[in-house]
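Letter by letter, the chains look like this.
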Amino acid sequence: MGKDFKSMVTRCIYVGKENDNVKKLKTATEELKDLRNNVMKRVKMYEDQQKLKRLEKVQVWLRQADVAIKEAEEILIAMMSSSSSNGSSMMSCHKMDKKLCKKLKEVNEIKSRGTFDVVVENSGIGGSMMISTVDRDDQTVGLEAVSGLVWRCMTVDNTGIIGLYGVEGVGKTTVLTQVNNRLLQHKLNGFDFVIWVFVSKNLNLERIQDTIREKIGFLDRLWTNKTEEEKAGKIFEILSKRRFALFLDDVWEKVDLVKAGVPPPDGQNGSKIVFTTCSDEVCREMGAQTKIKMEKLPWERAWDLFKKNAGEDTVKSHPDITKVAQEVAAKCDGLPLALVTIGRAMASKKTPQEWRDALYILSNSPPNFSGPIP
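None of these values were measured; they are calculated from a predicted model.

What counts and how
- Residues numbered from 1 in each chain as written.
- Predicted model: local features only at pLDDT ≥ 70, side-chain atom pairs only at ≥ 80, totals over all residues.
- Heavy atoms only, no water.
- Core = buried A, V, L, I, M, F, W, Y, C linked by side-chain atoms within 4.5 Å.
- Buried < 20%, exposed > 50% of the residue type's maximum accessible area, 1.4 Å probe, protein only.
- Domains from an automatic or database assignment.
- Contact = heavy atoms within 4.5 Å.
- Helix = DSSP H or I, 4+ residues; strand = E, 2+ residues; numbered from the N terminus.
- Expected span 1.5 Å × (residues − 1).
- Arc of directions from axis to C-beta.
- Axes fitted to C-alpha atoms, helices over the stretch in contact; angles between N-to-C directions.
- Parallel < 35°, antiparallel > 145°, perpendicular 65-115°, else oblique.
- Left-handed = near helix turned anticlockwise from the far one by under 90°.
- Nonpolar A, V, L, I, M, F, W, Y, C, P; charged D, E, K, R; others polar.

A.B. asks: Mind showing me how you'd approach the nonpolar core here?
C.D. replies: Soluble globular proteins tend to pack their nonpolar side chains together in the buried interior. In terms of nonpolar packing, the biggest core is built from 44 residues, with Met154, Phe247, Phe306 and Trp355 touching the most fellow members. Counting only domains with at least three residues in this core, you end up with domain 2 (143-293) and domain 3 (299-364). In this structure Met154 touches Ile162, Val179, Leu183, Phe191, Arg243, Ala245, Phe247, Lys272 and Val274, once residues within four positions along its chain are discounted. Among the nonpolar cores identified, the runner-up in size contains 28 residues, and Ile235, Leu257, Cys283 and Ala288 belong to it.

Put into structure tokens, the structure is as follows:
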């Protein structure tokens, strides 16, 4: 009886630990999926629309992420099967848990390498030119004024935190990336560090800290063993002595930057924090001194942008196409990203039926647009 009781207690303790590890792996795998999907979305935009080539390091990372996600999901399924089976031995469960812990470490390691400022390159006779998210002025038609406003905010002392907000697809990421690129092209424009962090819906402060640590070049073999507070202390120690520009893309809720180790920007240190969000409330919670709302394009500008990307010749190639093309453009709802993406997709469509088919699809299954203009 004593032996059986001891075995039962041991099993209960083990199952508790096992369940905790399962939760951690589930969370890490979902976060890696989100990161993988975002990187792939950016890559596909440039490959499909501009015929650019993904960087080898990005392709390797995507391949590793796919394999890790698949294997992690297989382990999770096996763990759930074993926990529901009365015949599972402690030995087999122990082996499975070791496998789970190893995979958790691998998933977290791949996640830590999933932030890319550049995902594609233009390979040609003249060599290889690196392409960041936005590289040409004509890709931000309708966004020039906002981009210029954000840039001016980067040069004045009384604005340290800038919030850029508006609905998905309105061009927030495009503007943010253009300002980021402009700083890089101007040799940082007086900033010691220019840091880009993709935040996303699943806020992970540790991932933000890891990205900042990588961007500021802080090398420490024991970094992964440090607590959140210790990491914050090291980040603060470095950034408090430097002028930095921190870009936070896709913020869904307040990011506690002090907890992350980021010193509050002020007129004395000259640092800047710029973030994008869909919510005016998030702007207030983040303490934005300047809030910039991005509006949808009015019809005339939206139609011009759509025609530019679909091609005037295509739109006028048949008398019936122009009317349907206007209806297709109207479905884009004044969103620059939708107007550019759908316009380019329709550039090769020369028959009224193809346009009617596109209108039908957009009417019944409107796509969700977010991210930078390709």
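A.B. asks: Can you walk me through helix 7 (residues 228-239) in this structure?
C.D. replies: Along an α-helix, a turn takes 3.6 residues, which lines up residues three or four apart on a common side. Under the 1.5 Å per step criterion, the end-to-end length of helix 7 is 16 Å for 12 residues, consistent within 8% with the ideal 16 Å. Among the residues making up helix 7, those that are buried are Lys231, Ala232, Ile235 and Leu239. One face of helix 7 carries all of its buried residues, which in axial projection span an arc of 100°. Check the buried side of helix 7 and you find it contacts strand 5 (193-200), helix 6 (205-215), strand 6 (244-251) and helix 8 (257-260).

A.B. asks: Explain the packing of helix 12 (residues 319-331) against helix 14 (residues 352-364) to me, please; I cannot follow it from the model alone.
C.D. replies: Geometrically, a packed helix pair is captured by the angle between its two axes and the distance between the axes. One way to put it is that helix 12 packs onto helix 14 with a least axis distance of 9 Å and a crossing angle of 20°. It follows from the interaxial angle that helix 12 and helix 14 lie roughly parallel. For the pair helix 12 and helix 14, the crossing hand works out as left-handed. Contacts between helix 12 and helix 14 involve Asp320, Ile321, Val324, Ala325, Glu327, Val328 and Lys331 from the former and Pro352, Trp355, Arg356, Leu359, Leu362 and Ser363 from the latter. Partitioning the contact of helix 12 with helix 14 into residue classes produces 8 nonpolar, 1 polar and 4 charged.

A.B. asks: Help me understand unusual backbone geometry in this model?
C.D. replies: The bulk of non-glycine residues show a negative phi, and the bulk of peptide bonds are trans. Even without being glycine, Ser200 reaches a positive phi, approximately 75°. Here Ser200 lies in strand 5. With a phi angle near 65°, Asp250 is a residue other than glycine that sits in the positive phi range. Inspection of the secondary structure assignment puts Asp250 in strand 6.

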